[in-house]
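If you want the building blocks of each chain, they are given just below.
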Amino acid sequence: MKLKPWYPALVGTVCQVFGIGLIGVFSFFVAPLSREFGVGVATINVGAVFLLLAPAVVGPVVGRFVDSHSIRSIMLIGVMLATSSLYGLSMAASLGLAGAGFFAYAVGQTLYGPLVLNSLLIKTYQENVATALAVAAMGVSVGAVLLPFLIAWLMDQFSWRETLQVLAMGIALVLLLTVRLGLPRFPRAPENDDSLPPAAQLDKDFLRAPAFWIIGVAIAIIFNMALMVGVCYAPHFGQQGFANSTIATFMAAGGVAGFTAKLLVASFVDRWRNYLKSIAVGVVFIKILGMGALLWGDSFATNMLGVALIGGSGGAFLPLYPYLNSRYFDAASIGGVNGAQAPLLLPLGLVSAPLAGYAFDIRGSYDMAFMGAIALLLGAALLLAILPASGQRVPEN
């Protein structure tokens, strides 16, 4: 296999390492920021909402730009905005300025993150779209494994402000060079594929296509339930009496399972495209089984199984989501589709984690949260099951 045709996917891997893969390390900064600005940890944690709010706010506009402007230029602007905002955050004199800096960082990350990156890969590849999406998504797992060790070392050597400055400059150097040298200015959209559903070739008014709403709502449920259960892990396992080292082992198992699932997507899904709907429904049920293992089991083995199933299904859906869109919508409008679906992630994202915490406060466990997640995931599976076998063309006016 020649390496050069895979440069865009490999660029995506690097971008994901320093995009979504970077999110987890910000927990290292919670305690220092809390002490610096004299507020509680809960207040600092509100910043996590920005990571959902930014894509929801700018996603529809950015998605339209992706379909008519240089994606490489958009990603370079995103890298510069994110890293300069991160550096500015390191010098913030108040919590308000720090919050503004983090929101600007989240907007910048959106411009080189999955919303834009997945559009690039769908426009660049034809026969190997799922493979390319999975290769890029592997960066999330790489970042989740390696970056915590890097940040922990930096925090031991420097203050939190200096650590952010080193991180910002390092990310800027790596990503600017990677994106500038590894991407074409304008990716060539693939020719219409006869195996695509008719809607993918004919439907330009995607907001009127049932598949747009079915996929968007189902994925919003799946991703937000993954976010919610991730917040619950440490308290849930701690309540069962497991030590922090064991809890870390559980989380590492989820990361390894996610990486493995992306490898499976890269290896098989392009060849099994005719069964994509069934595959997606099956992956949702794997996540439901994982939730059930956490709900009804309290041993090391059942918890390990539950986290592995949840992590594996979550890892699989990172590339499966954009691949679903690529099978129902034309590559020329895929940026608009991805961007317009971004706000659908927000409503449930804003309430799922707080409601899980409320359930814990009143019942002393996350059982109600897990049961609610299972019910919502069953709804997501039903939605994916009723996806049309082929896209539905928008009626003529």
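This text follows the structure it describes.
Residues numbered from 1 in each chain as written. Predicted model: local features only at pLDDT ≥ 70, side-chain atom pairs only at ≥ 80, totals over all residues. Heavy atoms only, no water.

1. Overview of the overall build of the chain
Then comes step 1: Across its full length, the chain holds 18 helices and 0 strands.
Then comes step 2: Classification of the 397 residues of the chain by burial places 52% in the buried group.
Then comes step 3: Partitioning the contacts of the chain with sequence separation of at least 6, the portion at a separation of at least 24 is 87%.
Then comes step 4: Summing over all exposed atoms, the chain offers an accessible surface of approximately 17100 Å²; the carbon and sulfur share of this is 69%. (Helix = DSSP H or I, 4+ residues; strand = E, 2+ residues; numbered from the N terminus. Buried < 20%, exposed > 50% of the residue type's maximum accessible area, 1.4 Å probe, protein only. Contact = heavy atoms within 4.5 Å. Areas by Shrake-Rupley, 256 points an atom, 1.4 Å probe, with all protein chains shown as cover.)

2. Details of a nonpolar patch on the surface
Then comes step 1: The grouping of Y87, M91, L150, W153, F158, V166 and M169 at the surface amounts to a nonpolar patch, some 670 Å² of accessible area in total.
Then comes step 2: Of all the secondary-structure elements, those providing two or more residues to the nonpolar patch are α9 (129-157) and α10 (160-182).
Then comes step 3: Along the polypeptide, F158 turns up in the loop between α9 and α10.
Then comes step 4: When its relative accessible area of 35% is taken as the criterion, F158 is described as partly exposed. (Patch = residues over 30% accessible without salt bridge, like charges linked within 9 Å, V, L, I, M, F, W, Y side chains within 5 Å. Salt bridge = Lys/Arg side-chain N within 4 Å of Asp/Glu carboxyl O.)

3. So, the pattern of salt bridges
Then comes step 1: Under the criterion given, the structure shown has 1 salt bridge.
Then comes step 2: When the shortest N-O distance is used, the salt bridge between R161 and E36 registers 2.9 Å. Of this pair, R161 sits in helix α10 while E36 is found in helix α3 (residues 30-37), placing the two residues 125 residues apart along the sequence.

4. Remarks on the nonpolar core
Then comes step 1: Counting 117 residues, the largest nonpolar core has M75, M291, F317, F329 and L384 as its most contacted members.
Then comes step 2: The leading source of residues in this core is helix α12 (residues 210-239), at 14 residues.
Then comes step 3: Apart from residues lying up to four places away in sequence, L384 is in contact with I214, A218, I222, K277, A280, V281, V284, F317 and L324. (Core = buried A, V, L, I, M, F, W, Y, C linked by side-chain atoms within 4.5 Å.)

5. Structural notes on α9
Then comes step 1: Between its first and last C-alpha atoms α9 spans 42 Å; for 29 residues at 1.5 Å apiece the expected length is 42 Å, and the two agree.
Then comes step 2: Largest kink in α9: about 35°, centred on L146, with the proline P148 one to four residues after it. (Expected span 1.5 Å × (residues − 1). Bend = angle between axes of the 7 residues up to and from the residue.)

6. Brief notes about the packing of helix α17 (residues 346-363) against helix α18 (residues 367-385)
A pair of packed helices is characterised by two quantities: the angle between their axes and the separation of those axes.
Then comes step 1: Two numbers describe how α17 lies on α18: the axes approach to 8 Å, and their chain directions differ by 145°. Residues L348, A356, A359 and R363 of α17 pack against M368, A369 and L376 of α18.
Then comes step 2: Residue composition of the contact of α17 with α18, by class: 6 nonpolar, no polar and 1 charged. (Axes fitted to C-alpha atoms, helices over the stretch in contact; angles between N-to-C directions. Nonpolar A, V, L, I, M, F, W, Y, C, P; charged D, E, K, R; others polar.)

7. Looking at the environment of Y7
Then comes step 1: Structurally, Y7 is set in helix α1 (residues 7-17).
Then comes step 2: Here the alpha-carbon distance between Y7 and T178, two residues 171 residues apart in the chain, equals 9.6 Å.

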